[in-house]
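# Chains, contacts and geometry: an overview
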Amino acid sequence: MEPVLTTDIHEIFMSRALELARQGRGNVSPNPLVGCVLVKEGEIIGEGYHEEFGGAHAEVNALRNSRQDPVDATAYINLEPCCFMGKTPPCTDTLIQNGIAEVYIGMLDPNPEVNGKGVEALKKANIIVHVGVGEEDAWNLNRPFEKWITTKIPFVTAKAAQTPAGFMGVDSDHSVWLTGEVSGRHTHQLRAESDAILIGRQTAVIDDPALTVRHVPGENPTRVILDTNRTLPLTLNMFHDRKAKNIVFCSENRFDRNKTHFCDYIPVPEAENGLSIPHIVRKLGEKNVTSLLVEGGQEVLQSFLDADCIDRMVIYTAANELEKAELKNPLIIPENWVITIEDFLGEDRVIIAEKGVECLQEL
Ligand code: AOF
Ligand code: ZN
């Protein structure tokens, strides 16, 4: 006999809440992605998600969209409801006032203003609360928010494409395209999931890239370029296309902060090999960047590695070797990192690894 697959009904409603949450992508940062489903007698009576930064929270939108009286309903929310007055009133109060009887939560809100206090407030009002349904997915969805809200530093993903022997290209003066279309879409998805995308001066000059999201739906991240001496040609595409904000980091030894019509210059201290990466990530965190994608080139990747400022590596490996390749990919997954994905993308392979994902949270 075939084994019967039973999927927990609570997991199903929570995965719907997560699906709704994702619809806020590109519009809510630095807030988390949150979705909410209201259920009565096994039927969904209302759905909502946090649609834009500063706007109504998921719970409020689900209640507004409810087709039935929400009294005695069960709410499924991927993040613990907030219990403080931010840009919007506490969701715990709203759930209590609307007579919600039971709440399933994906994960506690890592925001120190909430972190368990939302659950307490609900319990105090005699609402039955369950924490940890679909927790792994909930956690993965809001990893950048978790890092940023607790450290004010963005979650950093470093990305590189290499040949089977580990080369990124011939040399640093030429750009070579190694990977195929499927990997290209994968990278664009990474871009769509990032608040900002960062490259070095050399990559900017040689590739003159757009750094926009084109092969998947999504919003364009802020483009960040490292240009110690401010020698980038102003004829670059990204300075004129008006498709996204541009930030250029330069040396504070020579420049004061200033804003031009095509970019915002931010001076930071110099380090041994270029600009100080820890200062750069801190400045980006101050600008509400919760997730940063570092797209290269080799020197920039190396300086992020040296500064221990990478949380996740995404490495694409093409099927074919490159003749006369000399430019080594500096990204090598450290032994104690956790490989979260290993897959084929068309002819290419992708490996994604994260630092310290083993300990999530105490429930
Ligand atoms: C929720 N539901 O949909 C979201 C929550 O300034 P505010 O009022 O928008 O509050 C932002 C904080 O609220 C944010 O840092 C996070 O702790 C929480 N986000 N909470 O109950 C939501 N987006
Ligand atoms: Zn809220």
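Residues numbered from 1 in each chain as written. Chains lettered and ligands numbered in written order. Predicted model: local features only at pLDDT ≥ 70, side-chain atom pairs only at ≥ 80, totals over all residues. Heavy atoms only, no water.

### Here we look at the overall build of the protein
Inclusion rule: Going along the chain from the N terminus, every DSSP run of H or I of four or more residues is numbered as a helix, and every run of E of two or more is numbered as a strand. This radius of gyration counts C-alpha atoms alone. The globule rule is 2.2 Å times how many residues there are, raised to the power 0.38. Should any heavy atoms of two residues lie within 4.5 Å, those residues are counted as being in contact. Computed with a 1.4 Å probe, the accessible areas rest on the Shrake-Rupley method; for each residue, only the protein chains presented here act as cover.
Regarding its fold elements, the protein presents ten helices and 19 strands. Here the C-alpha radius of gyration of the protein, 22 Å, is about what a compact globule of 363 residues would show, namely 21 Å. Dimensions along the principal axes, computed over C-alpha positions, put the protein at roughly 65 × 60 × 35 Å. Partitioning the contacts of the protein with sequence separation of at least 6, the portion at a separation of at least 24 is 68%. Put simply, the protein shows about 18000 Å² of open surface, and 47% of that area lies on carbon and sulfur atoms.

### Quick word on the coordination of the zinc ion (ligand 2)
In plain terms, the rule: Atoms are scored as donors when they are N, O or S and lie within 2.8 Å of the metal, with 3.2 Å used for Na, K and Ca; no water is included, so coordination may look incomplete. For every residue, the accessible area obtained with a 1.4 Å probe (protein chains only) is divided by the maximum for its type, and the residue is called buried under 20%, exposed over 50%, and partly exposed between those limits.
On the protein side, the zinc ion (ligand 2) has H57 (ND1), C82 (SG) and C91 (SG) as donor atoms, found 2.0 to 2.2 Å from it. Along the chain, the residues that donate to the zinc ion (ligand 2) are spaced as H-x24-C-x8-C. Residue H57 is located in the loop between β2 (43–49) and α2 (58–64), and its partner C91 is located in helix α3 (residues 91–97); the two are separated by 34 residues in the primary sequence. C91 sits in the buried class, given a relative accessible area of 0%.

### Here we look at the sheet that holds strand β6 (residues 155–162)
The condition that has to hold: Pairing between strands is defined by DSSP: at least two bridges between the two strands are required. The angle between two axes is taken between their N-to-C directions and runs from 0 to 180 degrees, where each axis is a line fitted to C-alpha atoms and a helix contributes only its stretch in contact.
Spatially, the ten strands line up as an open sheet ordered β11-β12-β10-β9-β8-β15-β6-β16-β19-β18, and their pairing is mixed. Two strands close off the open sheet at either side, each with one partner strand: β11 (258–259) and β18 (338–345). Note: strand β16 (residues 312–317) against strand β19 (residues 348–354), six bridges, orientation antiparallel. Counterpart to R312 in the pairing with β19 is E354. The sheet strands contacting helix α7 (residues 181–192) are β6, β8 (196–200), β15 (291–294), β16, β18 and β19, and the helix crosses β16 at an angle near 165°. The sheet contacts of helix α9 (residues 277–286) involve β6, β8, β9 (222–226), β10 (246–251), β12 (264–268) and β15, and relative to β12 the element is tilted by about 135°.

### A closer look at the sheet that holds strand β1 (residues 35–40)
Read across the sheet, five strands follow the order β2-β1-β3-β4-β5 without closing on themselves; strand pairing throughout is mixed. At either end of the open sheet lies a strand with only one pairing partner, and these are β2 and β5 (128–131). Each neighbouring strand pair of the sheet contributes to a mean axis angle of 15°, computed without reference to strand direction. In the sheet, strand β4 (residues 102–107) pairs with β5 via four bridges, with the strands oriented parallel. Looking at β5, one finds that Y104 is bridged to H130. Contacts from helix α1 (residues 9–22) reach β1, β2, β3 (74–79) and β4, with the element oriented near 140° to β1. In the packing of helix α4 (residues 117–124) onto the sheet, contacts are made with β4 and β5, and the angle to β5 comes to roughly 155°.

### A word on the site of ligand 1
Filter applied, for reference: To be near a molecule or strand, a residue needs just one of its heavy atoms within 4 Å of it. Each polar contact in these results corresponds to two N or O atoms within 3.5 Å; when the atoms are within protein, one needs to be able to donate a hydrogen and the other to accept it, and residues that are neighboring in sequence are counted only if both atoms are side-chain atoms.
Lining the immediate surroundings of ligand 1 are 18 residues, of which H57, E59, C82, K87 and D109 lie closest. At a separation of 2.8 Å, an oxygen atom of ligand 1 approaches a polar backbone atom of A58. K87 is positioned with one of its backbone polar atoms (N or O) 2.8 Å from an oxygen atom of ligand 1. If ligand 1 stood free it would expose 520 Å²; the protein chains cover 95% of that surface.

### Quick word on the side chain of H50
Within the element layout of this structure, H50 appears in the loop between β2 and α2. For H50, a relative accessible area of 3% corresponds to the buried category. In contact with H50, not counting residues within four places along its chain, are G24, V28, N31, P32, V34, G55, A56, H57 and A58.

### Some remarks on helix α10 (residues 298–306)
Put simply, the test is: What the arc measures is the spread of directions leading from the helix axis to the C-beta atoms.
Buried within α10 we find V300, L301, S303 and F304. When α10 is viewed along its axis, its buried side chains cluster within an angular range of 165° and face the same direction. Opposite the packed face of α10, turned more than 90 degrees from it, sit the exposed residues E299 and D306. Where α10 is buried, its residues contact β6, β7 (167–169), β8, β9, α9 and β15. D308 sits one or two positions beyond α10 and adopts a positive phi of about 55°.

### A few points about the environment of I341
Relative to the assigned elements, I341 resides in strand β18. On the accessibility criterion, I341 (40% relative accessible area) is partly exposed. Separated by 252 residues in the primary sequence, I341 and P89 have C-alpha atoms spaced 39 Å apart. Filtering out sequence-adjacent residues up to four positions away, I341 remains in contact with V350, I351 and I352.

### Some thoughts on the domain arrangement of the protein
Short version of the rule: An automatic or database domain assignment supplies the residue ranges for each domain. By definition, the buried area sums, over both parts, the 1.4 Å-probe accessible area that each loses when the two are put together. What counts as a salt bridge is simple: a side-chain nitrogen of Lys or Arg found within 4 Å of a carboxyl oxygen of Asp or Glu. Under the scheme applied, nonpolar residues are Ala, Val, Leu, Ile, Met, Phe, Trp, Tyr, Cys and Pro; charged residues are Asp, Glu, Lys and Arg; polar residues are all the others, including Gly.
Assigned domains within the protein: domain 1 (7–141) and domain 2 (147–362). Counting residues at the interface gives twelve residues for domain 1 and twelve residues for domain 2. Each partner contributes to the roughly 1100 Å² buried at the junction of domain 1 and domain 2, and carbon and sulfur atoms together form 58% of this total. A per-residue breakdown of the area domain 1 buries against domain 2 is headed by R25, P30 and W139, which together make up 45% of the total. Inspection of the region where domain 1 meets domain 2 yields one salt bridge. Taking the shortest distance from any N to any O, the salt bridge between R25 and E193 comes out at 3.9 Å. Run the count over domain 1 and domain 2 and you get one residue pair in polar contact (both at pLDDT 80 or more). Broken down by class, the residue content of the side of domain 1 that touches domain 2 amounts to six nonpolar, four polar and two charged.

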